[in-house]
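A look at the structure
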Amino acid sequence: RAAKLFKPQHNERDRAVKFYAQKLERLRDCSIVIHYHSSETIRFRVAPITCLISDHAWGEPLCDFIAHQRGKRLAPFEALHLVHALAQGVEEIHLRREYHGDLHDENVLVRRQGVFFDLKVIDFYKWGRPTDAHLRDDVSDIVRLLYDAVGGQRHYARQPPEIKTICKGLRRDLIGREFPTASHLREYLESFDWTAF
(Lines give C-alpha, C1' and ligand atoms only; values in the text may rest on other atoms or scores of the structure.)
Protein backbone atom coordinates (compact mmCIF):
# COMPACT_ATOMS: atom_id res chain seq x y z
CA ARG A 1 0.00 0.00 0.00
CA ALA A 2 1.04 3.61 -0.49
CA ALA A 3 0.75 6.32 2.13
CA LYS A 4 0.42 10.00 1.25
CA LEU A 5 1.71 12.10 4.16
CA PHE A 6 0.63 15.68 4.82
CA LYS A 7 3.00 17.80 6.89
CA PRO A 8 1.16 19.81 9.56
CA GLN A 9 2.54 23.16 8.32
CA HIS A 10 0.92 22.51 4.92
CA ASN A 11 -2.28 20.95 6.20
CA GLU A 12 -4.00 23.37 8.56
CA ARG A 13 -7.22 21.81 9.84
CA ASP A 14 -6.77 18.99 7.28
CA ARG A 15 -7.60 21.33 4.38
CA ALA A 16 -4.89 19.83 2.15
CA VAL A 17 -6.16 16.31 2.87
CA LYS A 18 -9.70 17.29 1.95
CA PHE A 19 -8.57 19.03 -1.25
CA TYR A 20 -6.50 15.99 -2.25
CA ALA A 21 -9.32 13.57 -1.43
CA GLN A 22 -11.78 15.62 -3.51
CA LYS A 23 -9.37 15.60 -6.45
CA LEU A 24 -9.01 11.83 -6.23
CA GLU A 25 -12.78 11.46 -5.99
CA ARG A 26 -13.14 13.33 -9.30
CA LEU A 27 -10.65 10.87 -10.81
CA ARG A 28 -12.10 7.68 -9.31
CA ASP A 29 -12.90 6.22 -12.75
CA CYS A 30 -9.43 6.83 -14.21
CA SER A 31 -7.65 3.52 -14.66
CA ILE A 32 -4.18 4.98 -13.99
CA VAL A 33 -5.04 6.57 -10.64
CA ILE A 34 -4.31 4.67 -7.46
CA HIS A 35 -7.16 4.96 -4.98
CA TYR A 36 -6.85 5.89 -1.33
CA HIS A 37 -9.53 4.50 0.96
CA SER A 38 -8.76 5.68 4.48
CA SER A 39 -6.98 8.34 6.47
CA GLU A 40 -5.04 7.97 9.68
CA THR A 41 -3.13 10.24 12.01
CA ILE A 42 0.33 9.10 12.97
CA ARG A 43 2.90 10.73 15.24
CA PHE A 44 6.36 11.55 13.97
CA ARG A 45 8.72 13.30 16.38
CA VAL A 46 5.72 14.27 18.49
CA ALA A 47 3.95 16.03 15.59
CA PRO A 48 0.63 14.57 14.38
CA ILE A 49 0.70 13.83 10.65
CA THR A 50 -2.39 12.95 8.64
CA CYS A 51 -1.88 10.33 5.97
CA LEU A 52 -4.07 8.75 3.33
CA ILE A 53 -3.70 4.99 2.86
CA SER A 54 -4.11 3.51 -0.61
CA ASP A 55 -5.48 0.31 -2.03
CA HIS A 56 -2.88 -2.34 -2.71
CA ALA A 57 -0.20 -0.69 -4.88
CA TRP A 58 1.09 -3.34 -7.26
CA GLY A 59 4.09 -2.93 -9.51
CA GLU A 60 7.36 -1.13 -8.90
CA PRO A 61 8.47 2.46 -9.40
CA LEU A 62 9.52 3.17 -12.98
CA CYS A 63 13.05 4.06 -11.84
CA ASP A 64 13.46 0.56 -10.32
CA PHE A 65 11.84 -1.14 -13.31
CA ILE A 66 14.29 0.51 -15.71
CA ALA A 67 17.25 -0.21 -13.42
CA HIS A 68 16.49 -3.95 -13.77
CA GLN A 69 16.53 -3.86 -17.58
CA ARG A 70 19.51 -4.77 -19.74
CA GLY A 71 21.76 -1.73 -19.98
CA LYS A 72 19.49 0.01 -17.45
CA ARG A 73 17.29 1.30 -20.25
CA LEU A 74 14.38 0.24 -22.44
CA ALA A 75 14.51 -0.53 -26.15
CA PRO A 76 12.64 2.12 -28.20
CA PHE A 77 9.74 -0.24 -28.96
CA GLU A 78 9.23 -1.01 -25.27
CA ALA A 79 9.62 2.62 -24.23
CA LEU A 80 7.03 3.76 -26.80
CA HIS A 81 4.56 1.15 -25.53
CA LEU A 82 5.13 2.34 -21.97
CA VAL A 83 4.71 6.00 -22.95
CA HIS A 84 1.53 5.16 -24.89
CA ALA A 85 0.05 3.58 -21.74
CA LEU A 86 1.09 6.61 -19.71
CA ALA A 87 -0.28 9.12 -22.23
CA GLN A 88 -3.55 7.20 -22.40
CA GLY A 89 -3.88 7.19 -18.61
CA VAL A 90 -2.96 10.87 -18.20
CA GLU A 91 -5.42 11.70 -21.00
CA GLU A 92 -8.23 10.35 -18.78
CA ILE A 93 -7.09 12.72 -16.04
CA HIS A 94 -6.90 15.69 -18.41
CA LEU A 95 -10.35 15.00 -19.86
CA ARG A 96 -11.69 15.58 -16.34
CA ARG A 97 -9.86 18.93 -16.33
CA GLU A 98 -7.39 17.73 -13.73
CA TYR A 99 -3.63 17.23 -13.89
CA HIS A 100 -0.92 15.33 -12.08
CA GLY A 101 1.72 18.03 -11.73
CA ASP A 102 4.60 15.84 -10.55
CA LEU A 103 5.19 13.03 -13.06
CA HIS A 104 8.60 11.48 -12.59
CA ASP A 105 10.03 7.98 -12.43
CA GLU A 106 9.29 7.51 -8.72
CA ASN A 107 5.61 8.50 -9.10
CA VAL A 108 4.80 5.98 -11.84
CA LEU A 109 4.27 2.36 -10.80
CA VAL A 110 4.84 -0.26 -13.50
CA ARG A 111 3.62 -3.81 -13.96
CA ARG A 112 4.51 -5.44 -17.25
CA GLN A 113 2.18 -7.83 -19.07
CA GLY A 114 3.81 -9.05 -22.28
CA VAL A 115 4.33 -6.05 -24.56
CA PHE A 116 1.79 -4.09 -22.54
CA PHE A 117 2.26 -2.07 -19.38
CA ASP A 118 -0.20 -1.53 -16.54
CA LEU A 119 0.64 1.77 -14.93
CA LYS A 120 -0.50 3.68 -11.88
CA VAL A 121 0.44 7.20 -10.87
CA ILE A 122 0.81 8.33 -7.29
CA ASP A 123 1.53 11.53 -5.39
CA PHE A 124 -0.42 14.14 -7.34
CA TYR A 125 0.63 17.72 -6.85
CA LYS A 126 -2.28 18.99 -4.80
CA TRP A 127 -2.42 22.76 -5.27
CA GLY A 128 -3.96 25.03 -7.85
CA ARG A 129 -6.73 24.90 -10.36
CA PRO A 130 -5.78 23.15 -13.59
CA THR A 131 -4.67 25.35 -16.48
CA ASP A 132 -3.55 24.61 -20.03
CA ALA A 133 0.00 25.17 -18.79
CA HIS A 134 -0.45 22.40 -16.19
CA LEU A 135 -1.62 20.01 -18.92
CA ARG A 136 1.35 20.90 -21.16
CA ASP A 137 3.71 20.38 -18.20
CA ASP A 138 2.28 16.88 -17.67
CA VAL A 139 2.93 16.07 -21.35
CA SER A 140 6.48 17.45 -21.14
CA ASP A 141 7.05 15.28 -18.07
CA ILE A 142 5.82 12.20 -19.99
CA VAL A 143 8.25 13.03 -22.80
CA ARG A 144 11.06 13.40 -20.27
CA LEU A 145 10.22 9.93 -18.93
CA LEU A 146 10.53 8.56 -22.48
CA TYR A 147 13.88 10.31 -22.94
CA ASP A 148 15.23 8.88 -19.69
CA ALA A 149 13.76 5.41 -20.32
CA VAL A 150 15.74 4.98 -23.55
CA GLY A 151 18.99 6.02 -21.91
CA GLY A 152 18.93 9.81 -21.64
CA GLN A 153 21.58 12.07 -23.13
CA ARG A 154 24.18 9.31 -23.40
CA HIS A 155 22.08 7.33 -25.93
CA TYR A 156 19.92 10.07 -27.45
CA ALA A 157 22.01 10.65 -30.62
CA ARG A 158 21.50 6.99 -31.63
CA GLN A 159 17.74 6.92 -31.07
CA PRO A 160 15.43 6.31 -34.05
CA PRO A 161 13.55 9.28 -35.57
CA GLU A 162 10.31 8.19 -33.85
CA ILE A 163 11.88 8.83 -30.44
CA LYS A 164 13.50 12.12 -31.47
CA THR A 165 10.27 13.40 -33.03
CA ILE A 166 8.59 13.04 -29.65
CA CYS A 167 11.48 14.14 -27.42
CA LYS A 168 12.47 17.17 -29.52
CA GLY A 169 15.70 17.51 -27.59
CA LEU A 170 13.55 18.12 -24.47
CA ARG A 171 12.59 21.58 -25.73
CA ARG A 172 9.42 22.19 -23.75
CA ASP A 173 8.25 24.89 -26.16
CA LEU A 174 8.48 22.48 -29.13
CA ILE A 175 6.90 19.64 -27.19
CA GLY A 176 4.03 21.90 -26.09
CA ARG A 177 3.43 23.11 -29.63
CA GLU A 178 3.31 19.59 -31.09
CA PHE A 179 1.62 17.84 -28.14
CA PRO A 180 -0.37 20.42 -26.12
CA THR A 181 -2.36 17.65 -24.42
CA ALA A 182 -1.94 13.99 -23.59
CA SER A 183 -4.60 13.30 -26.26
CA HIS A 184 -2.32 14.73 -28.94
CA LEU A 185 0.57 12.55 -27.79
CA ARG A 186 -1.59 9.43 -27.58
CA GLU A 187 -3.04 10.06 -31.07
CA TYR A 188 0.46 10.55 -32.48
CA LEU A 189 1.65 7.27 -30.97
CA GLU A 190 -1.33 5.49 -32.52
CA SER A 191 -0.76 6.98 -35.98
CA PHE A 192 2.90 6.43 -36.87
CA ASP A 193 4.33 3.35 -38.58
CA TRP A 194 5.37 0.83 -35.93
CA THR A 195 6.77 -1.62 -38.50
CA ALA A 196 10.16 0.16 -38.27
CA PHE A 197 10.60 -1.62 -34.95
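See the structure shown above.
Keep in mind it's a predicted model, so treat the numbers as computed, not measured. (Residues numbered from 1 in each chain as written. Predicted model: local features only at pLDDT ≥ 70, side-chain atom pairs only at ≥ 80, totals over all residues. Heavy atoms only, no water.)

**Digging into the nonpolar core**
Put simply, the rule is: The criterion is simple. A nonpolar core is a set of buried Ala, Val, Leu, Ile, Met, Phe, Trp, Tyr and Cys residues joined through side-chain atoms within 4.5 Å. Relative accessibility under 20% of the residue-type maximum defines a buried residue, over 50% an exposed one, and the middle range a partly exposed one, all with a 1.4 Å probe and only protein chains included. For helices the rule is a DSSP run of H or I covering at least 4 residues; for strands it is a run of E covering at least 2, with both sets numbered from the N terminus onward. Throughout, a residue-residue contact means that at least one pair of heavy atoms, one from each residue, lies within 4.5 Å.
Counting residues in hydrophobic clusters, the biggest one holds 55 residues, and the most contacted among them are L86, V108, L146, I166 and L185. When residues of this core are traced back to their parent elements, those giving at least two are α1 (15-26), α2 (62-67), α3 (76-95), β5 (108-113), β6 (116-121), α4 (132-149), α6 (161-167) and α8 (182-191). Residue contributions to this core peak at nine residues, all from α3. If we ignore the near neighbours within four places in the chain, the residues touching V108 are E60, P61, L62, L86, L103, L119, K120, V121 and L145.

**Examining the pairing of strand β3 (residues 47-54)**
Put simply, the rule is: Two strands form a pair only when DSSP identifies at least two bridges running between them.
Buried residues dominate β3, accounting for six of its eight residues. Relative to β3, strand β1 (residues 3-6) runs antiparallel, the two being bridged by four bridges. Looking at the pairing, K4 lines up with L52 of β3. Between strand β2 (residues 36-44) and β3, which pair antiparallel in sequence order, lie two residues; one of them, R45, sits at a positive phi of approximately 50°.

**Details of the sheet that holds strand β4 (residues 60-61)**
Filter applied, for reference: Axis definition: a line fitted to C-alpha atoms, over the contacting stretch in the case of helices. Angles run 0 to 180 degrees between N-to-C directions.
The antiparallel open sheet is built from three strands, whose spatial order is β4-β5-β6. In this open sheet, the two edge strands, each paired with only one partner strand, are β4 and β6. Of the strands in this sheet, β5 and β6 touch α3, which is tilted by about 40° from β6.

**As for the packing of α3 against α8**
Put simply, the rule is: Left-handed describes a crossing whose near helix is turned anticlockwise from the far helix through less than a right angle; right-handed describes the clockwise counterpart. Only Asp, Glu, Lys and Arg are considered charged in this grouping, and only Ala, Val, Leu, Ile, Met, Phe, Trp, Tyr, Cys and Pro are considered nonpolar; every other residue, Gly among them, is considered polar.
Between α3 and α8, the shortest axis-to-axis distance is 8 Å and the interhelical angle comes to 145°. Between α3 and α8 lies a crossing of left-handed hand. Only A182, S183, L185, R186, L189 and E190 of α8 make contact with α3, whose side of the interface consists of L80, V83, H84, A87, Q88, V90, E91, H94 and L95. Looking at the contact of α3 with α8 residue by residue, the classes come out as eight nonpolar, four polar and three charged.

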